[in-house]
Amino acid sequence: MVDSLIVPLFVTTDLPPEADLAEFGALLAGTARVLGHEGAGYEAFLTGKVFWLDRPVLPEQRPAAETELRFAGMLGYLAASGSGHTARDVVGDVRQAIGEAVASRYGDVGVAPAVFMIRDQDVRERTPEAALYVDTPDGTAELVSAAKSYL
């Protein structure tokens, strides 16, 4: 069994109005495959659910709303391989990776994605029923097993 650190996460960001939620989730999950910097990379696995956090829109607001940015979120767990990591370091690494991936895919949406550690209980209680499941494709079996046990 690989040593791993499990971190419950909340990710939020603005996206262009035409953005696809499933594509956004796949982008987040794929971004978390390898984290780290300065040649000290480590494997990771992200699992969770993505959802829209849009404000309610009245019918008379629809034309304007279709040009506004949309607010998306993800609640889930990040498993990081190896010993010696702190939750703070892992969150910093995934924050940087997600920020770069979102900027590369969607361009400048005005603000970098917010990525932060939350309580395990919040992931379970606050994930909407209709949220879409995502996870890192082809993750290391030990990390997949460790992270999914928290769902």
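Look a little higher up for the structure.
The structure displayed is predicted, hence computed values, not measured ones.

Draft legend 1. Representation of helix α5 (residues 141-148) within the structure. Among the residues of α5, L143, V144, A146 and A147 are the ones counted as buried. Take α5 and look down its axis: the buried residues cluster within an arc of 170°, on one side only. Structurally, α5 contributes buried residues whose contacts are with β1 (4-15), β3 (42-52) and β4 (70-81).

Draft legend 2. Geometry of the environment of A26. Secondary-structure assignment places A26 in helix α1 (residues 21-31). The exposure class assigned to A26 is partly exposed, which follows from its relative accessible area of 47%. The spacing of A26 and T136 is 110 residues in sequence and 7.6 Å in space, taken between C-alpha atoms.

Draft legend 3. Structural context of the environment of S81. Structurally, S81 is set in strand β4. Through-space distance from the C-alpha of S81 to that of E142 is 8.8 Å; in sequence the pair is 61 residues apart.

Draft legend 4. Up close: the nonpolar core. Counting residues in each nonpolar core, the largest one holds 29 residues, and the members touching the most others are L9, F24, L28, L78 and V94. Among the elements of the structure, β1, α1, β3, β4 and α3 (87-106) are those that each provide at least two residues to this core. When near neighbours in sequence (up to four residues on either side) are disregarded, F24 contacts T13, L15, V50, A72, G73, V102 and Y106. I6, F10, L75 and L143 belong to the second-largest nonpolar core, a separate cluster that totals 14 residues.

Definitions and limits used
Residues numbered from 1 in each chain as written. Predicted model: local features only at pLDDT ≥ 70, side-chain atom pairs only at ≥ 80, totals over all residues. Heavy atoms only, no water. Buried < 20%, exposed > 50% of the residue type's maximum accessible area, 1.4 Å probe, protein only. Helix = DSSP H or I, 4+ residues; strand = E, 2+ residues; numbered from the N terminus. Arc of directions from axis to C-beta. Contact = heavy atoms within 4.5 Å. Core = buried A, V, L, I, M, F, W, Y, C linked by side-chain atoms within 4.5 Å.

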